[in-house]
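Analysis of the macromolecular model
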Amino acid sequence: MNPFPFSDSNKRYHTYSYALRRRFGSKVSRISLNAGFTCPNLDGTKGTGGCIYCSSTGSGEFGGDPHADIRSQFAKVAEMMGQKWNTEKHIAYFQARTNTYAPVDTLRHFYEAALSCPGVVGLSIATRPDCLPEAVCDLLAEISERTYLTVELGLQTIHDTTGERINRCHTWADFLTGYQKLHTRKIHVGVHIIDGLPGETHEMMLQTARELAGLDLHLVKIHLLHVLKGTRLARSYLAGEFPLLSLEAYVQIVCDQLELFPPGFILGRLTGDGAPSALIGPDWSRKKFCVLNEIDKELVRRDSWQGKRYAGPAQNETDA
C-alpha cells in the first residue's frame, strides 16, 4: 500500500500530473512555446555564451518554432501532443531562454496570445530570478489573478562557486530576491535544479534540497545534467574535466532529495530530456521511464516517500 497521501498511483511523490488532475478534473498537457527571447548572459548584459550546458535553442528543443506566431506554434505542438495524450486542457509553457526579459508590453502580447489559445487553463513561464523588475512582477500578479500561473526560476544549485563554473551569472542571493518578489504577490513559484553539475558532491546537492525545503514553493523540477553536442559543457566533458553520474548514484541523490522536500511540493520533473541526436551522455538517460522506475523501486526498497525526512511544518494538499 502506498503511504504517500498525494498520489492516486504507485508514485511516492507529488507528481505534476496528479496535481493538475486534482485541480482541473482531468489530464492536462503542457504545450512548449518559444517566443524568441534572449538572455542576459547571452547578450552581454551579465555575460556571454550562456550557461555552459545550454544548447543553441536555450532549452527549447521540444518547443515551437520561434519564427512562427504563438497561436501557430501552439496549434502545431498541441497536435503532436494529442497523439500522446487525450486531453483538451493545456498549460501554455514559455520554455526557451528567459521569458520575462523584454518590455512589459511585449511580454503582455505573448502571454495574452498564449492564454487565448483553445483549451488553455494556465500558463508556465520559465525565467531567471534576476530578470523580474517590479513592472514585470506586477504584470505577472495581474495574470495570476486570472489563470493558473507558475513562474519557474532557473536556480540549478544554491552554491555560487558552482554557479560561476557553469556561467550562471546570478547568485543564490539574486534567487532569493526574485523569489520574494513573486511570493509577496502570491504568485506560484517553481524552481529548477540540476543534479550532477561539475564539482558538486552528493552532500552539496542535498544542501540545495534542504534550502529549498524551507521556502514556500509550488513546484520543483529536478533535472539530470546531460551533455549536448556543441555546448561548452561538452568540450569540458570530452576533455575529461568532470565525470557524469551513474544511474545508481543519480537514483540515490533524487530519493534523498525527495525525502527532504515537504509533501506539498509538486515535482514537475525527476530527470532530464536531451534531444537524442545531440546527446553525448549519460547514455542511460535516454530511457526516461527506466530512470523513473528505478526511483520508484528505490523508494519502495527504503520504505520511503517524499517528505519522510522533512523537518518543517506540516503542509497539506491545498497549500501546494
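Above this text is the structure in question.
Read on for an overview of the structure. (Residues numbered from 1 in each chain as written. Predicted model: local features only at pLDDT ≥ 70, side-chain atom pairs only at ≥ 80, totals over all residues. Heavy atoms only, no water.)

The contact between helix α7 (residues 202–213) and helix α9 (residues 247–260) brings their axes to 9 Å, and the two run at 25°. With respect to their mutual orientation, α7 and α9 come out roughly parallel. Taken as a pair, α7 and α9 cross one another with a handedness that is right-handed. From α7, H202, M205, L206, A209, R210 and A213 reach across to α9, where they touch Q252, I253, D256, Q257 and L260. In terms of residue class, the contact of α7 with α9 is built from six nonpolar, three polar and two charged. (Axes fitted to C-alpha atoms, helices over the stretch in contact; angles between N-to-C directions. Helix = DSSP H or I, 4+ residues; strand = E, 2+ residues; numbered from the N terminus. Parallel < 35°, antiparallel > 145°, perpendicular 65-115°, else oblique. Left-handed = near helix turned anticlockwise from the far one by under 90°. Contact = heavy atoms within 4.5 Å. Nonpolar A, V, L, I, M, F, W, Y, C, P; charged D, E, K, R; others polar.)

Before going further, it helps to examine helix α1 (residues 16–24). Residues spaced three or four apart along an α-helix point in a common direction, a consequence of the helix completing one turn every 3.6 residues. Along α1, the residues classified as buried are Y16, Y18, A19, L20 and F24. Contact partners of the buried residues in α1: β1 (29–33), β2 (90–94), β3 (120–127), β4 (148–156), β6 (219–224) and β8 (266–269). Positive phi appears at G25, one or two residues downstream of α1, with a value of about 85°. (Buried < 20%, exposed > 50% of the residue type's maximum accessible area, 1.4 Å probe, protein only.)

Attention now goes to the packing of aromatic side chains. We describe a pair of aromatic rings using the distance from one ring centre to the other and the angle between the two ring planes. One pass over the structure, following the stated rule, counts nine aromatic pairs. Here F261 and F265 contribute two aromatic rings whose centre-to-centre distance is 5.6 Å and whose plane-to-plane angle is 40°, an arrangement assigned as tilted. Assigned by exposure class, F261 and F265 land together as buried. Put simply, the rings of W172, F175 and Y179 pair up and form one aromatic cluster. In this arrangement the basic side chain of R30 is found over the ring face of Y93, its NZ or CZ atom lying 3.9 Å from the centre. Over the ring of W305 we find K308; its NZ or CZ atom is 4.9 Å from the centre of that ring. (Phe/Tyr/Trp six-rings, centres within 6.5 Å; stacked < 30°, edge-to-face > 60°. Lys NZ or Arg CZ within 6 Å of the ring centre and 35° of its normal.)

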